[in-house]
Amino acid sequence: LPGVFAVFPYVMGRALAPKEDPIATEEAVALIGMSSLKLPHPTPTVKRRHPTGRVMALRSQPHGFLVCDKPAPSMQLRQRVRPGYEKDHPIFMHELNRLFPGAMLETTFIAKATKLMNGYGFNKDNSIGLLSVCRDEITWSLVEDFEELWGPSFSCGSLAGMAFLGRTGMRAGLAHAPQTDDGIERYIFLSAPHIAISADGRVGQCYRNGRETMSSACGALIAMRSEMENRSVAMQMNMRDMEFTLMKQQLSETIRYGYVPTLDELTKSTQRLIKKQLEGVLYRMNLTGRAEYCFLSGVQIHGPDNADFFWPTDVYIVRFDGSRQKVDLQDLRSTDVSELLKKAELADLAKLLFVVQRGDARMVKRWVEENGGDVNSIS
């Protein structure tokens, strides 16, 4: 990101070489809800591509900019709630606040957690993330937002975000932290099951890109709850469906016999179980005198119009000497990240300009609306 920020003023001063269907920058920016930005004319030109077809990353130079020779690590636009989102989706917002009070936009949560952890000595140069989220592709926005600010992460999750990696998997992740001068390894753990809420307030329902019919999330938890309603929860290990079986076995231990929880209750039970799974493995690893880590836990919520939210439940830090320091959630919520989000928005705009320079309004529209904002999806 620093390279993008440094080059941005120069890039904004370049001239657009229009091709077919030229598009004004304001029009393109409005497609992703950034119309409030004041953009100077003329607009920039960035033409070079990596031989693989992926857009190449920018690096600032003393007298301009240079497109480097390796693909950018992420060209995904951060998700944002468009102006008027709460007014456009009042039923969803009511259900979100009722079931998950204090939930915030996913990107805002990552930004607040980042700034908070920076204050405790964790940063992308001395830390690595270990993330436990569901395999579902719609959860990956959380991973991408995290990796944009923290760099590549180690995956700990399986179905529903359950942490079945065990000591062997954890040992692998705990061998990947950056080496630092003080000899302390630092890790950021982020765990979260996920759930969807539709525009009309149906819990567990959502739309997915490319599909016209309503879908669901989390599918694994919904399937387990269906078995519970039918009084036929299969507990015997199925070697062809191991993750689902293990999920049911362990989750069932957290639920009163005969009781069928609502989907949000089952999701919250899953959040607590994943946290317990990771903490249990970490306890047996005994990192005292070797490492310190931050633990973040909560629930990811998918809303209408591909907007994702996060409900934080636990934040704490374990220091080098083994002492545990709890972070008040109010400190997280009150953390001011306006400057960080403003820089992130400028980085998003720089990504958008890669596409705008093509001068093809239809391509920009397809990129934003059909390809999830992924510049690298453009051929």
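Just so you know, these numbers come straight off a predicted model, no measurement behind them.

Here is what the cut-offs are and how they apply
Residues numbered from 1 in each chain as written. Predicted model: local features only at pLDDT ≥ 70, side-chain atom pairs only at ≥ 80, totals over all residues. Heavy atoms only, no water. Helix = DSSP H or I, 4+ residues; strand = E, 2+ residues; numbered from the N terminus. Buried < 20%, exposed > 50% of the residue type's maximum accessible area, 1.4 Å probe, protein only. Contact = heavy atoms within 4.5 Å. Areas by Shrake-Rupley, 256 points an atom, 1.4 Å probe, with all protein chains shown as cover. Patch = residues over 30% accessible without salt bridge, like charges linked within 9 Å, V, L, I, M, F, W, Y side chains within 5 Å. Salt bridge = Lys/Arg side-chain N within 4 Å of Asp/Glu carboxyl O. Pairing = 2+ DSSP bridges. Polar contact = N/O pair within 3.5 Å; in protein donor to acceptor, adjacent residues only side chain to side chain. Core = buried A, V, L, I, M, F, W, Y, C linked by side-chain atoms within 4.5 Å. Axes fitted to C-alpha atoms, helices over the stretch in contact; angles between N-to-C directions. Left-handed = near helix turned anticlockwise from the far one by under 90°. pLDDT = per-residue confidence, 0-100.

What follows concerns the overall build of the protein chain. Of regular secondary structure, the protein chain possesses 13 helices and 12 strands. Within the protein chain, the fraction of its 379 residues that count as buried is 51%. Across the protein chain, contacts joining residues at least 24 apart in sequence account for 69% of those joining residues at least 6 apart. With an accessible surface of roughly 18,300 Å², the protein chain has 50% of that area assigned to carbon and sulfur atoms.

Turning next to a nonpolar patch on the surface. Together, Met-237, Met-239 and Met-242 make up an exposed nonpolar region whose accessible area comes to about 290 Å². Assignment of secondary structure puts Met-239 in the loop between helix H8 (219–229) and helix H9 (242–252).

It is worth spelling out the pairing of strand E6 (residues 185–192) at this point. Burial analysis of E6 places 7 of its 8 residues in the buried class, which makes it a mostly covered element. With 7 bridges joining them, strand E4 (residues 127–133) and E6 adopt parallel strand pairing. Counterpart to Ile-128 in the pairing with E6 is Tyr-187. In the sheet, E6 pairs with strand E10 (residues 291–302) via 7 bridges, with the strands oriented parallel. Residue Arg-186 lies in a different strand from E10, and its bridge partner there is Glu-292.

The next thing to look at is the side chain of Thr-313. As for its placement among the helices and strands, Thr-313 is situated in strand E11 (residues 308–318). What makes Thr-313 buried here is its relative accessible area of 19%. Engagement of the side chain of Thr-313 in a polar contact is seen with the side chain of Asp-314, the distance being 2.8 Å. If we skip the residues at most four places from it in the chain, Thr-313 touches Gln-271, Ser-297, Gly-298 and Leu-329.

Among the nonpolar cores identified, the biggest contains 52 residues, and Phe-100, Met-170, Tyr-187, Phe-189, Met-247, Tyr-293 and Ile-301 are the most heavily contacted of them. At the level of secondary structure, the elements contributing two or more residues to this core comprise helix H4 (90–99), E4, E6, H8, H9, helix H10 (263–285), E10 and E11. Top contributing element to this core by residue count: H10, with 8 residues. When sequence neighbours within four positions are dropped, the list of residues in contact with Tyr-293 reads Phe-122, Tyr-187, Phe-189, Leu-282, Leu-287, Tyr-316, Ile-317 and Val-318. Counting 24 residues, the second largest nonpolar core, distinct from the first, contains Met-104, Ala-113, Leu-116 and Trp-150.

Pairing is possible between side chains of opposite charge, provided their charged atoms come close. Applying the stated rule across the entire model yields 14 salt bridges. Residue Arg-324 is joined to Glu-279 by a salt bridge in which the shortest nitrogen-to-oxygen separation is 4.0 Å. With Arg-324 in strand E12 (residues 324–326) and Glu-279 in helix H10, the pair connects residues that are 45 residues apart, well separated along the chain. Taking the shortest distance from any N to any O, the salt bridge between Glu-292 and Arg-319 comes out at 3.3 Å. Taken together, the residues span a long stretch of sequence, with Glu-292 in strand E10 and Arg-319 in the loop between E11 and E12 at a distance of 27 residues. Through salt bridges with shared partners, a single ionic network connects Asp-182, Arg-186, Glu-292 and Arg-319.

Looking now at the packing of H8 against H9. Contact pair H8 / H9: the axes reach a minimum separation of 11 Å and the direction vectors enclose 65°. Between H8 and H9 lies a crossing whose hand is right-handed. In this structure, H8 contributes Ala-220, Leu-221, Ala-223, Met-224 and Glu-227 to the contact, and H9 contributes Phe-244, Met-247, Lys-248, Leu-251 and Ser-252.

The subject of this paragraph is the pairing of E11. Across the 11 residues of E11, 10 count as buried, placing the element largely inside the fold. Across 2 bridges, strand E3 (residues 104–105) lies against E11 in antiparallel orientation. Paired with Met-104 across the bridge in E11 is Phe-310. Where E10 lies against E11, 10 bridges are found, and the strand directions are antiparallel. Bridge pairing links Tyr-293 to Val-318 in E11. Counting the residues that bridge the hairpin from E10 to E11 gives 5 residues, and of these Asp-305 lies at a positive phi of roughly 60°. Strand direction decides the pairing type here: E11 and E12, joined by 3 bridges, are antiparallel. Paired with Tyr-316 across the strands is Lys-326, a residue of E12. Adjacent in sequence and paired antiparallel, E11 and E12 are bridged by 5 residues, among which Gly-322 carries a positive phi angle near 90°.

Summary statistics for the protein chain give a mean pLDDT of 78 and a share of 69% for residues scoring 70 or more. Predicted confidence is poor over residues 1–75, with pLDDT under 50, and the contacts of this stretch with residues over four places away or in other chains come to 162 contacts.

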